[in-house]
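This is what each chain is made of:
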Amino acid sequence: MEILALLGDGMLIALQPLNLLLIIAGVTVGLFIGAMPGLGSVNGVAILLPITFLVPPSGAIIFLAAIYYGAMYGGAISSVTLGIPGASTAVATTFDGRPMALKGQASLALVTAAIASFIGGSVANIIFTGFAPVLASVALSFGPPEIFALMLLAFATFVGLGGEDIPKTILSICLGLVLGAIGFDQISGAPRLVLFDINAFLQGIGFLVLAIGVYGIGEMLWTIEQTRGEVENNTPKMTARGMASDARTALREGWKGTAIGSFLGFFVGILPAAGATPASLMSYGVAKMTSRNPEKFGRGSVDGVAAPEAANNSASTGSMLPMLTLGIPGSPTTAILLGGMVIWGLVPGPRLFVDETEFVWGLIGSFYISNMAALFINLAFIPVFIWMLRMPFTILAPMIFVLSIVGGYAATRDMFDIWLILIFGFGALVLRRLDYPLAPAVLAIVLGPIAEPTLRQSLLLSSGDPMIFFTRPVAGPITVIAIILILLPALKLFRRKKATPAIGE
Amino acid sequence: MRYGEILTAGVLALFSIYLMVKSAELPIGFIRGQGPGGGAWPFWLSGIMLICCAMIALNWWRQTSPPSRSDEPFLDGHGWRTMVFVGGGLIGFIALIEIISMYGAVAVFLFYYLWFLGRHSLALSLTLSLATPLLFFFFFEGMMRITMPTGMSFTDPVFDFLYDIIY
Amino acid sequence: MSITKRALLQLSCAGLLAITPMAAMAQEWEPRRPIDFVIMAGPGGGADQIARFIQSVAEQHDMTSRPLVPNNKGGGSGAEALLHVNAASDPDHTLLVTLNSFFTTPLRQANLGIDIQTFTPIAMMGVDPFVLWMHVDSGITDFEGFLAQARAMNGEFVMGGTGTGQEDSIVIAFMSGAYGLDIKYIPYDGGGAVARDLAGQQIMATVNNPAEAKGFYEAGNFVPLLAFSDERLPAYPDVPTIRELGHEFSYYNQRAVVGAPGMSDEAAAYYRDLFTKVYESEEWQGYLQSESLAPLWMDADGQRAYWNTQVESHRVLLSRLDG
């Protein structure tokens, strides 16, 4: 009960006129930052930090949390409307969001994303409120072997993502993993894979560079080439009634994905180093595996949008947990929020929950209010984004190119990366034309740099003994499940191949 | 297409070999008591890539994958033209960034695409290609405080003026 | 046609207006662009926190006419930041917030072609000491206990750090050398991750800056065992220094602001003045105290000399590490 009283006080703080205004402004700004390919909550939070000197610390962190929520909702918008995942957390949203937009169901996809995000965020907030301290100790029990086992589980969901052509899918995964290994070897500190001895490769290749190249440039070039520049405009006009029926459809067809994403997302999100990307990917995989119509996934399934969107919102809320309870950043964004706390004279760490109750509960209260505000503001802006989609393709296409390049530069601030984006774009066009699936590469470049160091840290811990992944109480079961999941499709394939001649007879 | 398939597989195979050679600059084996060396992860993954390329080539030879059966050209005449105009436009765009600034390059590229490729009216093309960079300037520099390349020094007066507005 | 005319008019207007600040510049240099405030570390680390704190102080007191724009370039142990600043097209508006990788990365990566003496010294904001920490649940309360445990475990004692060649690994290498310890060192990707895994007891001990471990210390999770500073730290008066144990060694992480190579003297003078003001501000002095940073204020020539001695001592320390 004490928790509820504290939460009530927190919500009242968040509902003070100035704070409410900050929430609305923050969510709106965040929505547009998130919708811009290349920019995400990290940029929003980092850059708006100085503005917050105008308001007291509690208002400031509420404003930043509102931006955080807005940006998470916004991430789905560019995934659906432009087909460019603005952040790694939104890659899984493109799998079904983009096909829906191409089928003329962009508004249904956006409404689904908004509602799923809201439910994911709410579920996460409720779990957060009730069990924060307990969950913090769970998060701490995840060391390198556990994180690696989790990455293995995320890779298991890859198996279902590729196309028909297995060697091309595996090649795509490996390409992503190797590109992610460029730069420095974290364990030995030695430079590695400095391609063609160009020093600029020392900084590695970021996810955004590959994603913007593949989706913003490659996919666009492919569309222009395929359609000869005459893309049919089948996005219907937006009406209030249409939106209401979209909302009903979203709930009816997407409840399962939403539920899976909300819970799975939160638990993956609280784990250090894991974060929202594997969370959204795993939720997508689980939703597909447990669905009655798995064949609809990848072709515009409502569940396929709901699961990753619920998960990435839920996970992002979850990643606040290690920050507030332990003072440990769960993501780059929360890292900057932590910096903000230091500037405001708060000491992040395990004492924060006890010493700064007003601040902590004000923030948690503002999570609830921000989430609510984000839902309504997002729904209100959906017609604007739909209107943008209805523009002639010869206007939309150059705008997407410009957004990709400008957004890409904003994210990396490096001209070398812009040239890389272009090279990846042309490469992606060729591979796309030859039926190579590219989504596995884009996800692998995110997961590789988490998987490899944790694998090697674990082996250092065990002096090279791989049994460490099986003998630890938490890592063991996860590893076993992951291996079964990876082998299952291979077994099926083997059986099917055996069965084919029988049918032929 | 059939030709493109084997050519691409060949290029990817060469790239995999290059990556393997490059990874081998660091230890690629299992170091006793420590686990894999620094080059092991990319080396063996590139190795798998090479095997995949071989399998793609095998499928090509047996004609089991759709692209290896297709007689359709990789890009037809129209396709090549589009790629040269759009792709070339993008190369020009990025090359211009360091000369006439990000915003200048955006304006030029948009005008080129809208007016020349999109065949929109001059008024529309000009309005969009001038309004967009201006809007971007206030969004990125004013609100987000992200500075974009300002090109060579002859653009300085314009930017000094613009920065005086926003700060 | 009319549109071109308008554009021309705008251009000339812009030119005219631009003369005004230029006239003012004749007396004193002022930045005309947002200042690229490059940070040699990713978001969230100690260096990032300090850079953002400095930025916030400058912002709060409205000290600059153009904002300092933080730009995280942490890739490759700071190599990314060094290359970026070294090739800056506008050196008058490019600053670098450094840590010790400013010395170690060019030493370890000779092929980068970075000569740190070409950079422009601006301000030494303070130096960050290192402390050896263990988890309370280990039951160990002093350095003697640590030594006994590390020796007893015979190569199975696990410490975490931010990577071979990084600041903490240098300290750990010195300590193991001095006491003949065989320690298993696990590299992580940042000081935050190291502190987290000590809190979760995935690793047994760390060498962290007080700022990174302070929260856990105050909550009673971490015990400080040994400080690698010249004198005892005011915030941890009971913790002995390695000097008291008879080793001529101390190690600090520098928190300095450096200008790009080729920065004009006027600009350098402006920034020195700016960061002197930041340094003297109540906020920064408070930060130094609360995060246990030691002041080490010095002028431009002093900084250059300091760079030289640091490069030399790091050359020795690194060779010990690799050997």
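Conventions adopted
Residues numbered from 1 in each chain as written. Chains lettered and ligands numbered in written order. Predicted model: local features only at pLDDT ≥ 70, side-chain atom pairs only at ≥ 80, totals over all residues. Helix = DSSP H or I, 4+ residues; strand = E, 2+ residues; numbered from the N terminus. Rg over C-alpha atoms; globule rule 2.2 N^0.38 Å. Buried ≥ 20, exposed ≤ 12 C-beta atoms within 10 Å, placed from the backbone. Contact = placed C-beta atoms within 7 Å. Domains from an automatic or database assignment. Nonpolar A, V, L, I, M, F, W, Y, C, P; charged D, E, K, R; others polar. Pairing = 2+ DSSP bridges. Axes fitted to C-alpha atoms, helices over the stretch in contact; angles between N-to-C directions. Right-handed = clockwise from strand over helix to strand, strands pointing away. Expected span 1.5 Å × (residues − 1). Arc of directions from axis to C-beta. pLDDT = per-residue confidence, 0-100. Core = buried A, V, L, I, M, F, W, Y, C linked by C-beta atoms within 7 Å. Parallel < 35°, antiparallel > 145°, perpendicular 65-115°, else oblique. Left-handed = near helix turned anticlockwise from the far one by under 90°.

### Thoughts on the overall build of chain B
Logical step 1: When you go through chain B residue by residue, the secondary structure sums to six helices and two strands.
Logical step 2: The order of helices and strands in chain B, counted from the N terminus, is α-β-β-α-α-α-α-α.
Logical step 3: Relative to the globule expectation of 15 Å for 167 residues, the C-alpha radius of gyration of chain B, 24 Å, shows a markedly less compact shape.
Logical step 4: Across its three principal directions, the C-alpha atoms of chain B cover 60 × 50 × 25 Å.
Logical step 5: Residues classed as buried in chain B amount to 38% of the 167 residues present.

### A word on the overall build of chain C
Logical step 1: Looking only at helices and strands, one finds 11 helices and 10 strands in chain C.
Logical step 2: Put simply, chain C has 323 residues, and 54% of those count as buried.
Logical step 3: Long-range pairs, those at least 24 residues apart, make up 76% of the contacts in chain C with a sequence separation of at least 6.

### Brief notes about the domain arrangement of chain C
All names here are of chain C.
Logical step 1: Splitting chain C by domain gives domain 1 (33-127 + 253-322) and domain 2 (131-227).
Logical step 2: Computed over C-alpha atoms, the centres of domain 1 and domain 2 are 27 Å apart.
Logical step 3: Each partner contributes to the interface: domain 1 provides 15 residues, whereas domain 2 provides 15 residues.
Logical step 4: Counting residues per element, the ones that place at least two in the side of domain 1 that touches domain 2 are α4 (101-108) and α11 (300-322).
Logical step 5: Considering each element in turn, the side of domain 1 that touches domain 2 owes the most residues, four residues, to α11.
Logical step 6: Taken together, the residues that form the side of domain 1 that touches domain 2 break down as three nonpolar, nine polar and three charged.

### What to know about the environment of Gly242(A)
Logical step 1: Here Gly242(A) lies in helix α10 (residues 240-269).
Logical step 2: Residues Gly242(A) and Leu108(A), 134 residues apart in the sequence, show an inter-C-alpha distance of 8.8 Å.

### Here's the deal with the sheet that holds strand β2 (residues 68-72) of chain C
Residue and element names in this part refer to chain C.
Logical step 1: Across the sheet, five strands lie side by side as β2-β1-β3-β10-β4; this open sheet has mixed pairing. Since the sheet does not close on itself, it has two edges, and those belong to β2 and β4 (120-129), each with one partner. Taken pair by pair, the neighbouring strands of this sheet meet at an average axis angle of 20°, ignoring direction.
Logical step 2: In this structure, β4 lies alongside strand β10 (residues 252-259), joined through eight bridges in antiparallel fashion. When the sheet's bridge partners are listed, Ala123 is paired in β10 with Val257.
Logical step 3: With respect to the sheet, helix α9 (residues 265-280) is in contact with β3 (94-98), β4 and β10, its orientation differing from that of β4 by roughly 25°.

### Some words on the interface of chain A and chain B
Logical step 1: Listed as interface residues are 49 residues of chain A and, on the opposing side, 59 residues of chain B.
Logical step 2: Taken together, the residues of the side of chain A that touches chain B sort by class into 33 nonpolar, six polar and 10 charged.

### Some thoughts on the pairing of β3(C)
Residues and elements named next belong to chain C.
Logical step 1: Of all five residues in β3, five are buried; the element is thus mostly enclosed.
Logical step 2: In the sheet, β3 pairs with β10 via four bridges, with the strands oriented antiparallel. Its bridge partner lying in β10, Leu96 is registered against Val258.

### Observations concerning the pairing of strand β7 (residues 183-187) of chain C
Residue and element names in this part refer to chain C.
Logical step 1: Both strand β6 (residues 157-161) and β7 contribute to a ladder of five bridges, which runs parallel. Residue pairing for β7: Phe157 is matched across the bridge by Ile183.
Logical step 2: As for the winding sense of the linkage, the β-α-β connection from β6 through helix α6 (residues 167-179) to β7 is right-handed.

### Section: helix α1 (residues 2-14) of chain A
All names here are of chain A.
Logical step 1: Spanning 13 residues, α1 covers 18 Å between terminal C-alpha atoms, matching the ideal 18 Å at 1.5 Å per step.
Logical step 2: Looking only at α1, the buried set comprises Gly10, Ile13 and Ala14. The buried side chains of α1 occupy one side of the element, clustering within an arc of 95° when seen end-on. Facing away from the buried surface of α1 by more than 90 degrees, the exposed residues are Leu4, Ala5 and Gly8.
Logical step 3: For α1, the elements touching its buried residues are α2 (17-35), α4 (57-81) and α16 (357-389).

### Some details on the confidence of the model for chain B
Low pLDDT marks regions whose predicted coordinates should not be analysed in detail.
Logical step 1: Averaged over every residue, the pLDDT of chain B is 89; the share at 70 or more is 100%.
Logical step 2: At the low end of the mean pLDDT range in chain B sits helix α3 (residues 66-69) of chain B, at 79; at the high end sits helix α2 (residues 40-62) of chain B, at 93.

### Overview of the interface of chain C and chain A
Logical step 1: Taken together, the contact pairs 41 residues of chain C with 42 residues of chain A.
Logical step 2: For the side of chain C that touches chain A, the elements supplying multiple residues, two or more each, are α2 (46-60), β2, α3 (79-86), β7, α7 (191-199) and α8 (210-218) of chain C.
Logical step 3: Per-element accounting of the side of chain C that touches chain A gives the leading share, eight residues, to α2(C).
Logical step 4: Across the side of chain C that touches chain A, the residue classes break down as 13 nonpolar, 18 polar and 10 charged.

### Side note on the domain arrangement of chain B
Logical step 1: Segmentation of chain B into domains returns domain 1 (2-69) and domain 2 (86-166).
Logical step 2: The gap between the C-alpha centroids of domain 1 of chain B and domain 2 of chain B is 41 Å.

### Description of the nonpolar core
Logical step 1: With 311 residues, the main nonpolar core has Leu110(A), Met151(A), Leu210(A), Val442(A), Val97(C) and Trp133(C) as its most contacted residues.
Logical step 2: Top contributing element to this core by residue count: helix α6 (residues 106-140) of chain A, with 19 residues.
Logical step 3: Non-local contacts of Val442(A), meaning those with residues more than four positions away in its chain, are made with Val91(A), Gly176(A), Leu210(A), Ala211(A) and Val214(A).

### As for the packing of helix α1 (residues 2-23) of chain B against α2(B)
Residue and element names in this part refer to chain B.
Logical step 1: For the pair α1 and α2, the least separation of the axes is 8 Å and the interaxial angle reads 160°. In terms of their interaxial angle, α1 and α2 are classed as roughly antiparallel. The element α1 and its partner α2 pack so that their crossing is left-handed. Residues Glu5, Ile6, Ala9, Leu12, Ala13, Ser16, Ile17, Leu19, Met20 and Ser23 of α1 lie in contact with α2, whose contacting residues are Pro42, Phe43, Ser46, Gly47, Met49, Leu50, Cys53, Ile56, Ala57 and Trp60.
Logical step 2: A class-by-class count of the residues in the contact of α1 with α2 yields 15 nonpolar, four polar and one charged.

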